[in-house]
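Structural overview
Spelled out, the chains give:
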Amino acid sequence: MQPTLHTPRLTLEPFRQSDLEDVFAYAKDPAVAEMVTWPAHESVQDSQAFLDWIRQSTSDTKGNLFYVWAMRLNETKKTIGSMSFSMPSPETGQFDYALARTHWKTGLTTEAAKCVFDWAFNTIPELKKFQAMCIEQNHGSRRVMEKVGLSLKEVREKSMLVKGNHVDIAFYSFEK
Ligand SMILES: CC(C)(COP(=O)(O)OP(=O)(O)OC[C@H]1O[C@@H](n2cnc3c(N)ncnc32)[C@H](O)[C@@H]1OP(=O)(O)O)[C@@H](O)C(=O)NCCC(=O)NCCS
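Not measured: the values here are computed from a predicted model.

**So, the overall build of the chain**
- When helices and strands are counted, the chain shows five helices and eight strands.
- Taken from N to C terminus, the helices and strands of the chain fall in the order β-β-α-α-α-β-β-β-α-β-α-β-β.
- Relative to the globule expectation of 16 Å for 176 residues, the C-alpha radius of gyration of the chain, 15 Å, shows essentially globular dimensions.
- Overall size of the chain, expressed as C-alpha extent along the three principal axes, is 40 × 35 × 30 Å.
- Total accessible area on the chain is roughly 9,500 Å²; 53% of this is exposed by carbon and sulfur atoms.
- Positive and negative side-chain charges in the chain, numbering 21 and 22 respectively, have mean positions lying 4 Å apart.

Right, here's the structure in full:
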């Protein structure tokens, strides 16, 4: 079952239906959506589709876990972002994240990503590798990966079609 995780400033827990307005508040921001695969939410229905997708995609299958946590600020109880964990293979973990612009550059994504990284290695004995990827120009995301302990493996030019453009992708990983 998807665990609830705690960091000094955040609670990472499964999304609830009551998070809908909080999700829309950050996901409608074009700056948040600029370097991710999804378009900025145009209406609360897009945020509802995101919550529905999480509900349908969550997986407790050994070797193929898929969890998306709401990043909830302890101080205000507001959901200010999302952090996911997936398993491209039974020995490999991966995270992905997005945070409300109002909280950028305060160390929160690093705090949450480190927590998920530690949780994964502490609870999945088969895990040997952790990886993450982002658009090459996403300097904030690259720094988060580096600060958690991943290193740059390669930049693959024009390797992903994102919103109609072929973009360069930076691949990071950590091996136990
Ligand atoms: C990328 C993102 C997750 C970074 O989150 P964050 O909470 O601001 O990151 P942190 O505060 O933990 O910062 C980690 C490091 O990145 C740096 N950083 C953050 N944003 C940056 C930016 N836009 N440009 C350069 N460095 C940046 C911070 O200064 C910090 O480095 P430092 O400790 O050496 O100073 C956030 O900007 C975001 O949600 N962006 C939109 C969605 C997105 O791109 N998600 C990732 C998809 S792969």
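**Remarks on the site of the ligand**
- In the vicinity of the ligand lie 22 residues, with Leu-99, Lys-105, Gly-107, Thr-110 and Lys-147 positioned nearest.
- Between the ligand and Trp-104, the relevant distance is 3.4 Å, taken from an oxygen atom to a side-chain nitrogen or oxygen of the residue.
- One of the backbone nitrogen or oxygen atoms of Thr-106 is found 3.2 Å away from an oxygen atom of the ligand.
- Compared with its free state, where it exposes 920 Å², the ligand has 79% of that area covered by protein.
- In terms of residues, the shell around the ligand owes the most to one element, helix H5 (residues 139–148), which gives six residues.
- Partitioning the shell around the ligand into residue classes produces ten nonpolar, eight polar and four charged.

**Considering the packing of helix H1 (residues 20–27) against helix H3 (residues 44–57)**
- Two numbers describe how H1 lies on H3: the axes approach to 9 Å, and their chain directions differ by 115°. Classified by the angle their axes make, H1 and H3 are roughly perpendicular. Considering how the two elements wind past one another, H1 and H3 form a crossing that is right-handed. Packed against H1, whose contacting residues are Leu-20, Glu-21, Val-23, Phe-24 and Tyr-26, the element H3 presents Val-44, Ser-47, Gln-48, Phe-50 and Leu-51 at the interface.

**Brief notes about the packing of aromatic side chains**
- Applying the stated criterion across every chain yields a total of 15 aromatic pairs.
- Relative to Trp-119, the ring of Tyr-67 lies with its centre 6.0 Å away and its plane at 55°, an arrangement referred to as tilted. You can see Tyr-67 sitting in strand S3 (residues 66–73) and its partner Trp-119 sitting in helix H4 (residues 108–123), a full 52 residues away along the chain. Neither residue differs from the other here; Tyr-67 and Trp-119 are each classed as buried.
- Between the aromatic rings of Trp-69 and Trp-119, the centroid separation amounts to 5.4 Å while the plane-to-plane angle is 80°, which identifies the pairing as edge-to-face. Note that Trp-69 is positioned in strand S3 and Trp-119 in helix H4, a separation of 50 residues in sequence. Of the two residues, Trp-69 and Trp-119, both sit in the buried class.
- Through a chain of ring-to-ring contacts, the aromatic side chains of Tyr-67, Trp-69, Phe-85, Phe-95, Tyr-97, Phe-117, Trp-119, Phe-121, Phe-130 and Phe-174 assemble into a single cluster.

**A look at the sheet that holds strand S1 (residues 5–6)**
- Sheet architecture is open: eight strands sit in the order S1-S2-S3-S4-S5-S6-S8-S7, paired in mixed fashion. Two strands close off the open sheet at either side, each with one partner strand: S1 and strand S7 (151–162).
- Across eight bridges, S7 lies against strand S8 (residues 165–175) in antiparallel orientation. Residue Ser-151 lies in a different strand from S8, and its bridge partner there is Ser-173.

**Overview of the pairing of strand S5 (residues 92–99)**
- The buried fraction of S5 amounts to seven of the eight residues, a majority that puts the element mostly inside the structure.
- The turn linking strand S4 (residues 79–89) back onto S5 is made up of two residues.
- Here three bridges tie S5 to strand S6 (residues 129–135), and the two strands are oriented parallel to one another. By the bridge assignment, Gly-93 is partnered in S6 with Phe-130.
- Crossover S5 to S6 through H4 is right-handed.

How each quantity is defined
- Residues numbered from 1 in each chain as written.
- Predicted model: local features only at pLDDT ≥ 70, side-chain atom pairs only at ≥ 80, totals over all residues.
- Heavy atoms only, no water.
- Helix = DSSP H or I, 4+ residues; strand = E, 2+ residues; numbered from the N terminus.
- Rg over C-alpha atoms; globule rule 2.2 N^0.38 Å.
- Areas by Shrake-Rupley, 256 points an atom, 1.4 Å probe, with all protein chains shown as cover.
- Lys, Arg positive; Asp, Glu negative; His and termini not counted.
- Charge placed at Lys NZ, Arg CZ, Asp CG, Glu CD.
- Near = heavy atom within 4 Å.
- Polar contact = N/O pair within 3.5 Å; in protein donor to acceptor, adjacent residues only side chain to side chain.
- Nonpolar A, V, L, I, M, F, W, Y, C, P; charged D, E, K, R; others polar.
- Axes fitted to C-alpha atoms, helices over the stretch in contact; angles between N-to-C directions.
- Parallel < 35°, antiparallel > 145°, perpendicular 65-115°, else oblique.
- Left-handed = near helix turned anticlockwise from the far one by under 90°.
- Contact = heavy atoms within 4.5 Å.
- Phe/Tyr/Trp six-rings, centres within 6.5 Å; stacked < 30°, edge-to-face > 60°.
- Buried < 20%, exposed > 50% of the residue type's maximum accessible area, 1.4 Å probe, protein only.
- Pairing = 2+ DSSP bridges.
- Right-handed = clockwise from strand over helix to strand, strands pointing away.

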